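Working through the structure, step by step
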Amino acid sequence: MPINEKEYNGNLFDQLSLLERIERVAVREDCKPVLEEIEFERKQIERKLYQQPPLTK
């Protein structure tokens, strides 16, 4: 079942929140490979979230 853009963006924001929680632990444990992967995933999510034009066009 297709979802609308608002729901999709909400899912992307949830993914960003999850990455932030994981990042806190990775910083505390000084785990550089995990921090690199988090940065990669964040870029992927933000590219979808802030795409121009929006999905509805």
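Scroll up to find the structure.
Here is a short report on the structure shown in this document. Bear in mind that the values here come from a model prediction, so they are computed numbers and not experimental data.

1. A short note on the overall build of the protein
- Regarding its fold elements, the protein presents 2 helices and 0 strands.
- By the burial criterion, 16% of the 57 residues in the protein qualify as buried.
- Sequence separation of at least 24 residues holds for 55% of the intrachain contacts in the protein that already meet a minimum separation of 6.
- Accessible surface, the protein as shown: approximately 4,900 Å² in total, 54% of it carbon and sulfur.

2. Quick notes on the nonpolar core
- Within the largest apolar cluster, 7 residues are counted, these being Leu12, Leu16, Leu19, Ala26, Ile38, Ile45 and Leu49.
- Of all the secondary-structure elements, those providing two or more residues to this core are α1 (5-28) and α2 (32-49).
- Among the elements that take part in this core, α1 stands out by supplying 4 residues, more than any other.
- Here Leu19 is in contact with Ile38, Glu41, Arg42 and Ile45, once residues within four sequence places are set aside.

3. Describing unusual backbone geometry
- One non-glycine residue, Asp30, lies in the positive phi region at around 55°.
- Inspection of the secondary structure assignment puts Asp30 in the loop between α1 and α2.
- Using a relative accessible area of 53% as the deciding quantity, one classes Asp30 as exposed.

Rules used throughout
- Residues numbered from 1 in each chain as written.
- Predicted model: local features only at pLDDT ≥ 70, side-chain atom pairs only at ≥ 80, totals over all residues.
- Heavy atoms only, no water.
- Helix = DSSP H or I, 4+ residues; strand = E, 2+ residues; numbered from the N terminus.
- Buried < 20%, exposed > 50% of the residue type's maximum accessible area, 1.4 Å probe, protein only.
- Contact = heavy atoms within 4.5 Å.
- Areas by Shrake-Rupley, 256 points an atom, 1.4 Å probe, with all protein chains shown as cover.
- Core = buried A, V, L, I, M, F, W, Y, C linked by side-chain atoms within 4.5 Å.

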